[in-house]
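Descriptive analysis of the structure
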Amino acid sequence: MANFRRFRPDDLNKLSKCNLDPLTETYELGFYLQYYAKWPSLFQVAEDQHGNIIGYIMGKVESSPDVYKFSEHYLPWHAHITAVTVAPEARRLGIGKLLTEQLEAAADANNAFFVDLFVRSTNYKAITFYKSMGYSIYRVVKDYYGDHSSDPTQHSEDAYDMRKPMKRDLKKEHIRENGEEFEVDPSDVW
Amino acid sequence: MSSYARYARPALKNSVDVPLQTAFSDGNWPTVIRLADKRFKTFKDPYYEAIKISAEFQLDGTAEKCAVLVAIDALLKQKSAPDLDTLELYEWAARDFLEDIDYSDTLGPLRARWVKANPKSPAAVQCLQSCLEFWDLVSAQQIAATLDKTYLNSSDRRYMFWSVTLTFLLSVSPQCSEASRKVYSLLALRQLERAAEITEKSTKVEATDRGLLTEEEIYLYFRVLLAHGTKDAYIISLYSSKLGALSQLKAGRKVLFWEALDVLETWGKWDIISDLCRGALNLGLEGATPTFYVCDLRIWKKFALAASKAANEESALSEVKAILKKFIGMKTKANEMYKKNISLASLEIAFRLPATILNPSPDHKGLTSRVVQVGLFLENYFDRLSAFDDIKDFVAQFTFEESKTFMEHVVATMLAQSADKSKHIILKVLECKFRYLLATCPQTLSHHPSVVDGQKQDKPYQCRFCANLTSLPCEHCLKQVIIEAVDTHKQIAGDPELIGVIPKLDRDPRLDLAIVIGNALLKLASLRGQVSDVAPSPLRDVNPALYLQAVLLLDTQLKETPSDTGLRLLLVKLYLLLGCASYAYQIWIPMDVKRTIQDALSPIFFDRISTISPGMFQGSRPLMEPLRTYYSNSFRDSCPLRIWDAFSSGSYSSILDLTEYDSGLRRSCTLMMTQVEERRATRCYGGKLDGGIDDSPFTEDIVDGTTLVNKTDYGSFPNLESFHGPPIQDFVRLGPELSNQRAHLAFLTEQYLDLLAFKPPKDYKPAKANEVAIKDRNYILETLSRLSNSLTEFIHQKETAALLTAPEMTYYTVISLLSAGLLTSLSTSRADPVPKTLPLLSSSIRSAFASLRTSFLTTPSALPDTYYSLTNMHAMAYVRDTALAMKHSAAFVFGFHEKELARDRSGKSSLHKEAVAEMKALDAVAAKALVEIKRHIQKLKESLGEGGWLDRMLEWTFGADEDADGDGDEVAKAVSDVVGGHAGAEEWAGKVLESWRDGVKGWGMVKME
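Per chain, residue numbering runs from 1 following the sequence as it is written. All chains are assigned letters beginning with A, and all ligands numbers beginning with 1, in the order in which they are written. Note on the predicted model: pLDDT of at least 70 is required for a residue's local features to be given, and 80 or more for side-chain atom pairs to be given and counted; whole-chain, interface and lining totals, by contrast, use all residues. Side-chain descriptors were evaluated using all non-hydrogen atoms of the structure, hydrogens and water having been removed beforehand.

1. A short note on the overall build of chain A
- Counting its secondary structure elements, chain A contains 4 helices and 8 strands.
- Helix and strand definitions here come from DSSP, where helices need a minimum of 4 consecutive H or I residues and strands a minimum of 2 consecutive E residues; each element is numbered from the N-terminal end. Across chain A, helices and strands are ordered from the amino to the carboxyl terminus as β-α-α-β-β-β-α-β-α-β-β-β.
- Rg of the C-alpha trace for chain A: 17 Å, near the compact-globule value of 16 Å for 190 residues, within the 12% margin.
- Based on the C-alpha atoms only, the size of chain A along its principal axes is roughly 50 × 45 × 30 Å.
- Of the contacts made within chain A by residues no fewer than 6 positions apart, 69% connect residues no fewer than 24 positions apart.
- All accessibility values rest on the Shrake-Rupley procedure with a 1.4 Å probe; residue burial counts only the protein chains present in the view. In the structure as shown, chain A presents an accessible area of about 8,300 Å², 50% of it carried by carbon and sulfur atoms.
- Counted charges follow a simple rule, with Lys and Arg positive, Asp and Glu negative, and His plus the chain ends left uncounted. By convention, the point assigned to a charge is CZ for Arg, NZ for Lys, CD for Glu and CG for Asp. One way to put it: in chain A the 23 positive side-chain charges average out to a point 7 Å from where the 29 negative ones average out. In this description the radius of gyration comes from C-alpha coordinates, and the expected globular size is given by 2.2 Å times residues to the power 0.38. Every residue pair with non-hydrogen atoms within 4.5 Å of one another is taken to be in contact.

2. What about the UniProt feature "domain: N-acetyltransferase" (unreviewed entry) in chain A?
- UniProt positions are given in the numbering used here, feature names are shortened, and annotations may be inferred rather than shown by experiment. Feature annotation in UniProt places "domain: N-acetyltransferase" (unreviewed entry) on residues 2-167 of chain A, given in this structure's numbering.
- Along residues 2-167 of chain A, the helical share is 23% and the strand share 33%, with 28 Å between the first and last C-alpha atoms.

3. Some remarks on the pairing of strand β5 (residues 114-120) of chain A
Residue and element names in this part refer to chain A.
- Each residue is placed in one exposure class: buried if its accessible area under a 1.4 Å probe, protein chains only, is under 20% of its type's maximum, exposed if it is over 50%, and partly exposed if it falls in between. Burial analysis of β5 places 7 of its 7 residues in the buried class, the great majority of the element.
- Residues of β5 alternate between two faces, with Phe-114, Asp-116, Phe-118 and Arg-120 on one and Val-115, Leu-117 and Val-119 on the opposite face, all of them buried.
- A strand pair is defined by DSSP finding two or more bridges across the two strands. Pairing geometry for strand β4 (residues 78-86) and β5, over 2 bridges, is parallel. Bridge pairing in β5 links Ala-79 to Val-115.
- With respect to chirality, the unit in which β4 leads through helix α3 (residues 95-109) into the neighbouring parallel β5 is right-handed.
- Pairing of β5 with strand β7 (residues 157-165), which is carried by 7 bridges, proceeds in the antiparallel orientation. Counterpart to Phe-114 in the pairing with β7 is Pro-165. With strands facing away from the observer, any crossover in which the path from the first strand over the helix to the second runs clockwise is taken as right-handed.

4. Regarding the sheet that holds β7(A)
All names here are of chain A.
- Across the sheet, 8 strands lie side by side as β1-β2-β3-β4-β5-β7-β6-β8; this open sheet has mixed pairing. Across the chains shown, the open sheet's two edge strands, defined by having one partner strand only, are β1 (3-6) and β8 (183-184).
- Summarising the sheet, strand β6 (residues 136-145) and β8 pair through 2 bridges and their orientation is parallel. Within β8, the position partnered with Val-141 by the bridge is Val-184.

5. Here's the deal with the interface of chain B and chain A
- Each side of the interface is counted separately: chain B has 55 residues, and chain A has 43 residues.
- By convention, the term buried area covers the 1.4 Å-probe accessible surface removed from two parts as they join, with the contributions of both added. Where chain B abuts chain A, roughly 4,300 Å² becomes buried across the two surfaces, and 54% of that area is made up of carbon and sulfur atoms.
- When the area that chain B buries against chain A is broken down by residue, the three leading residues are B:Met337, B:Thr596 and B:Tyr661, summing to 14%.
- Counted as salt bridges are all cases of a side-chain nitrogen of Lys or Arg within 4 Å of a carboxyl oxygen of Asp or Glu. Where chain B packs against chain A, one counts 7 salt bridges.
- For A:Arg6, the salt bridge goes to B:Glu216, with nearest N and O atoms at 2.8 Å.
- Two N or O atoms count as a polar contact when they lie within 3.5 Å, although within protein this holds only if one can serve as hydrogen donor and the other as acceptor, and sequence-adjacent residues are included solely when both atoms are side-chain atoms. Along the contact surface separating chain B from chain A lie 27 residue pairs in polar contact (both at pLDDT 80 or more).
- Among the residues forming the side of chain B that touches chain A, the class breakdown is 20 nonpolar, 13 polar and 22 charged. Gly counts as polar in this scheme, as do all residues outside two lists: the nonpolar Ala, Val, Leu, Ile, Met, Phe, Trp, Tyr, Cys and Pro, and the charged Asp, Glu, Lys and Arg.

6. A closer look at the side chain of B:Arg298
- Within the fold, B:Arg298 resides in helix α16 (residues 297-308).
- Discounting residues that sit within four places of it in the chain, B:Arg298 has contacts with A:Asn3, A:Glu47, B:Trp258 and B:Asp262.

7. A few points about unusual backbone geometry
Residues and elements named next belong to chain B.
- With an omega dihedral of -5°, the bond running from Leu-472 to Pro-473 counts as a cis peptide bond.
- Relative to the elements of secondary structure, Pro-473 occurs in the loop between β5 (469-470) and α23 (475-493).
- In this structure, Asp-592 is a non-glycine residue whose phi angle is positive, near 55°.
- Position of Asp-592 among the secondary structure elements: in the loop between α28 (581-588) and α29 (598-606).
- The class for Asp-592 is partly exposed, based on a relative accessible area of 41%.

8. Points about empty space enclosed by the protein
Residues and elements named next belong to chain B.
- Here the term cavity refers to a set of points on a 1 Å grid, laid over the protein atoms alone, in which a 1.4 Å probe fits but cannot get out; the term pocket refers to an open set having protein on both sides within 12 Å along at least five of seven lines, with lining residues being those that place an atom within 4 Å of a point. Grid points are joined across faces, edges and corners, and a volume is the space filled by probe spheres set on the points. Applying the stated criterion across every chain yields a total of 11 cavities of 30 Å³ or more.
- Forming the walls of the largest cavity are 16 residues, and the residues nearest its centre are Asp-607, Met-673, Leu-738, Arg-742 and Ala-746.
- For the lining of the largest cavity, the secondary-structure elements that each account for two or more residues are α34 (669-684), α36 (740-757) and α38 (806-827).
- In terms of residue count, the dominant contributor to the lining of the largest cavity is α34 (6 residues).

9. Looking at the pattern of salt bridges
- Tallied over the entire structure, the rule returns 87 salt bridges over all chains.
- The residue A:Arg92 makes a salt bridge to B:Asp506 at a minimum N-O spacing of 2.8 Å. With A:Arg92 in the loop between β4 and α3 and B:Asp506 in the loop between α24 (496-501) and α25 (509-524), the pair connects residues from two separate chains.
- Residue class for B:Asp506 comes out partly exposed when judged on its relative accessible area of 34%.
- With a shortest N-O distance of 2.7 Å, B:Glu721 and B:Lys523 are connected by a salt bridge. With a gap of 198 residues between them, B:Glu721 in the loop between α34 and α35 (728-731) and B:Lys523 in helix α25 connect regions that are remote in the sequence.

10. Here we look at the packing of helix α11 (residues 215-228) of chain B against helix α12 (residues 231-238) of chain B
All names here are of chain B.
- At a minimum axis separation of 8 Å, α11 and α12 run at an interaxial angle of 155°. As far as their axial angle goes, α12 and α11 are roughly antiparallel. Classified by chirality, the crossing of α12 by α11 is left-handed. Here α11 contributes Tyr-221, Phe-222, Leu-225 and Leu-226 to the contact with α12, which in turn contributes Ala-233, Tyr-234, Ser-237 and Leu-238.
- Class assignment for the residues of the contact of α11 with α12 results in 7 nonpolar, 1 polar and no charged. As a rule, the C-alpha atoms of each element are fitted with a line to give its axis, helices using only the stretch in contact, and angles between N-to-C directions run from 0 to 180 degrees. With respect to orientation, any angle under 35 degrees is reported as roughly parallel, any angle over 145 as roughly antiparallel, any angle of 65 to 115 as roughly perpendicular, and every other angle as oblique. A crossing counts as left-handed when the near helix is turned anticlockwise from the far one by less than a right angle, and as right-handed when that turn is clockwise.

11. Describing the nonpolar core
Residue and element names in this part refer to chain B.
- One finds Ile-51, Phe-406, Tyr-547, Tyr-575 and Trp-996 to be the most contacted residues of the largest nonpolar core, which totals 386 residues.
- If one sorts the elements of this core by residue count, helix α41 (residues 873-903) sits on top with 14 residues.
- Those residues within four positions of Tyr-575 in sequence are excluded, and the remaining contacts are Val-551, Asp-555, Cys-580, Tyr-583, Ala-584, Ile-587, Trp-988 and Val-992. Among the buried residues, those of types Ala, Val, Leu, Ile, Met, Phe, Trp, Tyr and Cys that are joined through side-chain atoms within 4.5 Å form a nonpolar core.

12. Overview of the sheet that holds strand β1 (residues 445-447) of chain B
Residues and elements named next belong to chain B.
- Read from one edge to the other, the open sheet built from 3 strands follows the order β1-β4-β5, with strand pairing classed as antiparallel. The outermost strands of the open sheet, each flanked by one partner alone, are β1 and β5.
- The sheet contact formed by β1 and strand β4 (residues 461-463) spans 3 bridges and is antiparallel. Paired with Ser-446 across the strands is Gln-462, a residue of β4.

13. Concerning a negative patch on the surface
Residue and element names in this part refer to chain B.
- A cluster of acidic residues, Glu-99, Asp-100, Glu-700 and Asp-701, forms a negative patch on the protein surface.
- Within the secondary structure layout, Asp-701 lies in the loop between α34 and α35.
- Residue Asp-701 is classed as exposed on the basis of its relative accessible area of 62%. Each patch is built from salt-bridge-free residues with over 30% relative accessible area, joining like charges within 9 Å and nonpolar side chains (Val, Leu, Ile, Met, Phe, Trp, Tyr) within 5 Å.

Here is the structure:
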């Protein structure tokens, strides 16, 4: 039922199966096109037999601006997963995993040290999923989200910055085992 | 200058003194003008004059504003390279005029000239960027070519590929003159062919070589080759061991492979498709790629399709089967998705096999390998949300014998063997879906003689499942589907264990059952889609009770499963058909259709909304503002969004795709719909329009030859239909979907109405009134002639009638005739006899309008009066719009006539009296119709204000379906059971009624003049 391929702008006309799901955010056109313009190989989709998009992943490769080179929070050349989503009808088929693997392959092709992503600290399902794929918590970004997904009385929620080392990180220098113990402010992350 | 902040005030040259710098950065323009003038006189440096001119531009005077344009023109006439800082100043100063002046004739060539003189300056790239932002491809190509020449064999490969990409873009752009097109095409092609040759011949391409090195460079080569090369050259390159599709695939890049398969399919090159698919799959088997990386369903489909077109079909299919078998052998290691793709590939092949080798079992004629394969697939995937959608196209291909075996043996056996309650229910749901699907497949019916024993038969078929005489689909089978689905629904509702299991399932099975029941009810109600030239109202021939039952049942389900978007979309359409726009909007809003997805999804709610319920536009926030904002943001620049990002990143295929996408979005039918719907609603309430439709920046490039594109996304609709009939969206829509023809007709009509409505400002008193009057007259005649020709052209296109509702067809026909009538009236001299066409046009208008009025006012005997009227607002809207167009056309003629009489007392230039008389006749007919509509709305309002409506609604819903065989009651009772009886339906009836009242209230405020 699915094909995996690189995103094409025309796919934006076939997003309803993913983006009408309340858990998937719809961005401005320029946001999607920026990713396609700058990092086309890191924008992958899964489509069904009718051409509907049933999953996609958007990512980028970058490093922190040079001005932060000597900051402890400086990020070397790495890939970042900005968004990943799978339509409700296509879940439980490993599509999220396949899309993530494809982004990781692109990250390796771009010579990235690691792939990172942010996830809500209460999104246990996603955290388990990423852990199963070799990601680990690198640090906790305090109050990263301006709302709370499960507790309406809270006005913010922490994010986990999770990472997976890529081939270039031979000595696994960009991950750590006790990442939950490292807390940073949102202003420390880029 | 940053890419997206080009209007930031430029920094002045460092050599400029501090007082002038300060005044400039403070925006103290009088001081800037004074100081710059003084410096210019002292130093004779033209830069100071440029500062002065740019500062003067910031003041309000028209002459000062023109000074910048004059200065730019002067620079163009000079042969020397301009000063870049001066250009920056002028570009900034003239920022508000840049949309109106042609950049490619002014600043673009100046920037190109500057780059030619300063090719090594870092600012050269800035000039390229500026030209791209204004989408001046001619200047951009020249700059890129200069840069390429300057940095020949540099390690920054982008210069070469910017030049090639821009040469190619120019070659396919309307900006390119026909004379140069060939040259640019060949230039782009030859440069890339040379690059490909270097790569082919090199053992290793270095960054400084002019060969193809990166993935993006290779894609660019194939795109250009496809556009400007020969088929043979493209195919030969596809097989290149370094650049070809399979070598790219081996490197983990699928783009070229997929593009090539699509291209080859359009060329009918099935042998090459077969070859590439075989090669790709072998890469997986040999370990050259991850094994299942190549196992996309699409590759299997293409491989099987190509085999079915081979000379020796059986042998080719055997080869596909053999390769598939190898993958099946390794399937256990595959990801779930690929396992499923392989299972679907087995089905694909089974259904491609010739009918002669279906191998039916001797005991069961219907137990073919196709049935077995579908059964095997179901065993593995029946509990997946997409199970039905995955195989419905296969099931719809079954012969009747296969269908019967499938339902009575395969599905029945699975049901009998399923001990687990929740799995049993999921299978029951699937069974209901298959029953519905098969009821809509023609192979389950046989022809029945149209005359039996001398009696004409009204049912042309006999159902092969139930043996009843029927039309398509079989009513009896549909009723059985409803009864069975309702039973299953009740079974779930009555079993706490099952209710407890539901949250663990992918989807509440009651939702699927409701959709099956709803669809079956709609089919029984005869909702078959709009036949535009027959039924002016979409519900005219639809059984109201069954239709309302379907809506009620689906609405009840929505309360249980509010997050299901498929159900929401279906209900939105059903309520719009019912005339309940405000309630449809309540259902639409939670889906949060915003930002990027609006272009593809908004037509589902907004198309024709002003004709159903103009009152929707009377809210505190303009109804379509989010859409307008979306387009404004997307078209802020003349260039495609994010194009410079793609250039600077070396994403050449992205550049081409972004350009194509941008072109499509600017030609979007949804964009035209947005403007037209808003304008219609604004006129309904006598609101002021912001200029003519062709003054809008969104329409400035649209001409008759522009193909407007419809990209509506119906992918989320719950579509149970077989491929033998139209998909669900086609019969729950008010009329045909958005189309190029409808969008053009609406655009032209708006222009016509703009012409009629135009009034010069009150303080406009031209000095040479006579001269202006003659020019005005010529302009009006030219505009009418253009509009009349264009409208006639679109109306008479063969496919147009099928793309419009009947009222739309009448409306646009009348507008077309009116424009021709006005042209004749205004251009016929009083001294000449009136052309014979004028009375003909007038009578055609009257006759078309009379037919629209009659069909609108005549209620079909089977429908309650009020119900028909409430569901027929679209037709009423067009009776009103047509009448008003006639009235305003007549008023325009009268006004013109009066004005000419006042201007020229001799009466020579006033209109022919017969022309005026014809217009008077039209005016009278229109006035009468408008009174009728007013009365009609008043009557509806009074009717909806009466008491007893809830009872009436429930009676319409459950009361009156007395079929000869009495089955109607059985269906109504079944539906009633699911929705909680009459008590459960009352709340719903109240909402429908309230929405009707909202709609009629909105219509009550609509102006009829």
